[in-house]
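# Structural overview for review
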Amino acid sequence: MKLFDVYPLYNVTPVSAKGIVVTDDKGQDYLDFYGGHAVISIGHSHPHYVERLKEQLDKIGFYSNAVQNPLQVELAEKLGIVSGCEDYNLFMCNSGAEANENALKMASFVTGKSKVIAFNNGFHGRTSAAVAATDNPSINAELNQQHEVVFLDLNDIKGFEREISKNVCAVIIESIQGVGGLDEPSTEFLQQVAFLCKENDTLLIADEVQSGFGRSGKFFGFQHHDIQPDIISIAKGMGNGFPVGGVLIHDDIKAKYGMLGTTFGGNHLACVATMAVLEVIEKDNLIANAQELGDYFNEKAKEISQVKRVKGRGLMLGLEFDFQVADLRKKLIHEHFLFTGGAKDKMVLRILPALNITKQDLDVFFTALNKALS
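Residues numbered from 1 in each chain as written. Predicted model: local features only at pLDDT ≥ 70, side-chain atom pairs only at ≥ 80, totals over all residues. Heavy atoms only, no water.

An unreviewed UniProt entry lists the protein under the name Acetylornithine aminotransferase, with Maribacter caenipelagi as the source organism. The protein has a UniProt comment under Cofactor (unreviewed entry) that states "pyridoxal 5'-phosphate". The UniProt entry for the protein carries the following comment under Sequence similarities (unreviewed entry): "Belongs to the class-III pyridoxal-phosphate-dependent aminotransferase family." (UniProt positions renumbered as here; feature names shortened; annotations may be inferred.)

What follows is the structure, given as C-alpha cells:
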C-alpha cells in the first residue's frame, strides 16, 4: 500500500524536536517559526507537557464518554479561568474542523435556521459544513455545496446588513484570518456584527482555532474587540501537538442529551495535554510574552525595505511582500534552516512560532531573512 498523495512535501524528515529546534534524520537542526500551522504553542517536547502525558498514560489513556471523566470537568474549570470565559460550557472534540462543524450544527439546532454567513478568504476546516463555509472552491466537493452559505468581504457592513435578515442561523468569522493571510475585521465591524446577530436571532461563532490560546496577545483574538460570541471554536495550539479541539458554548444555550457526540473527543490524554498547555501558559506568562514579542517583531520588520506590511497580532504574524514568497520559503528552509508558512495570499510569509520564543530567537530569524532577501 502507498500513501494517498495529497500533500506537496519539503524534503525534510524531522526525527526529534525540543523547544523551537527541530532535528532531521541527517542531524541538521532547523528553527521552527511555524509550529506546524500554529499547533506548537509551548514548544516541542516541553518537559512539563511530556511529564503530564507520561503520567496519565500510566493510568488510563482512553475511555468513551459513556462514563465519568473528572479530567474534563477540571479542564473546563481551568480553561474558563485562564481564558476569562467562565460563562461558557465546553464540548470537546478532536480538531478545528470538528469544532467548527459542531459549532455550525449547534447554531442550526438552536435557531431552527440553516443559512450561514462566512467571509472571503476565511478557512474553517475540511468537513461538510465547515468546508462549505471555507472560501476555497478547490476543496469543496459537490456534496459540500448543498449547504447554503453566503460569502462577504470583511468589513462590508452594508452587505452584512442586507444578508443577516435572510434566515441566517450562524455567522462564522476569524478575528485574524489564518490560512487567508492575516487579514482582520475592524472593531467597529465586529461590534456591529455582534449587535445585528442578536437583533436577528442569529448565533455568532468566533473561529479561534488558530488565533486562540494566547497567540494574538490575548487568550482569544475576539477579546481585542470587546464582543461576546455565542460559540467559540478552538483547536491548534490547544494540545501542543496532541489532536484535540473544542467548542465553547454560552450559558444561554441549553444542552440536550444526544445533541452533540464524539468517540475520541475529551479523552484522558487530550484533557491532560490541554491542561499542561494551560498550566505553562499561565505559569510562564506566555500571553504577555506573545504581545511583547509581537511588538518587537514589528519593530524589526520595519528595518527591512522589502517588507510592505506586517499583518496580524501577537505571535500570529505575516510579512507582506510585493512578490510571491514560495521561493523565499524554500530558501529559508534549505539554506538557512528555518520553518515558515505560506497563505492563500501568495505574497504573505506566515510566522507562527511557539509562544515562549525569545527576542534572541527573533533576531536569528531576521538575520536569516535579510540574508535570504539579499
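Here we come to the sheet that holds strand 5 (residues 115-119). Taken together, the seven strands give an open sheet; going across it, the order is 4-10-9-8-7-5-6, and neighbouring strands pair in mixed fashion. Looking along the sheet, the strands with just one partner apiece sit at the ends: strand 4 (88-93) and strand 6 (149-152). For this sheet, the mean inter-axis angle between neighbouring strands, taken without regard to orientation, is 20°. Pairing of strand 5 with strand 6 involves four bridges; the strand directions are parallel. Of the residues in strand 6, the one forming a bridge with Ile 117 is Val 150. (Pairing = 2+ DSSP bridges. Helix = DSSP H or I, 4+ residues; strand = E, 2+ residues; numbered from the N terminus. Axes fitted to C-alpha atoms, helices over the stretch in contact; angles between N-to-C directions.)

One finds Phe 160, Val 171, Leu 349, Phe 365 and Leu 369 to be the most contacted residues of the largest nonpolar core, which totals 83 residues. When residues in this core are grouped by element, the largest group, 11 residues, is from helix 8 (residues 268-283). The two domains that each donate at least three residues to this core are domain 1 (14-18 + 26-37 + 285-373) and domain 2 (47-283). Discounting chain neighbours no more than four positions away, the residues touching Phe 160 are Ile 117, Phe 119, Leu 152, Val 171, Phe 189, Val 193, Leu 196 and Cys 197. Formed by 24 residues, the second largest nonpolar core is a distinct cluster that contains Cys 93, Ala 99, Ile 172 and Ile 249. (Core = buried A, V, L, I, M, F, W, Y, C linked by side-chain atoms within 4.5 Å. Buried < 20%, exposed > 50% of the residue type's maximum accessible area, 1.4 Å probe, protein only. Domains from an automatic or database assignment. Contact = heavy atoms within 4.5 Å.)

The subject of this paragraph is the domain arrangement of the protein. On domain assignment, one finds that the protein holds domain 1 (14-18 + 26-37 + 285-373) and domain 2 (47-283). Between domain 1 and domain 2, the C-alpha centre-to-centre distance is 26 Å. Around 2100 Å² of area is buried between domain 1 and domain 2 when both sides are counted, 55% of it from carbon and sulfur atoms. Interface area lost by domain 1 to domain 2 is led by Arg 313, Met 316 and Lys 344, which between them contribute 35%. Counting across the interface, domain 1 meets domain 2 through three salt bridges. For Asp 183, the salt bridge goes to Lys 311, with nearest N and O atoms at 2.9 Å. (Buried area = accessible area lost by both parts, 1.4 Å probe. Salt bridge = Lys/Arg side-chain N within 4 Å of Asp/Glu carboxyl O.)

The residue Pro 229 is located in the loop between strand 8 (203-207) and strand 9 (231-234) in this model. Accessibility expressed as a relative area gives 1% for Pro 229, which makes it buried. Considering only alpha carbons, one finds Pro 229 and Ala 194, 35 residues apart in sequence, at a separation of 7.2 Å. Other than its neighbours up to four places away in sequence, Pro 229 contacts Tyr 88, Leu 204, Ala 206 and Phe 222.

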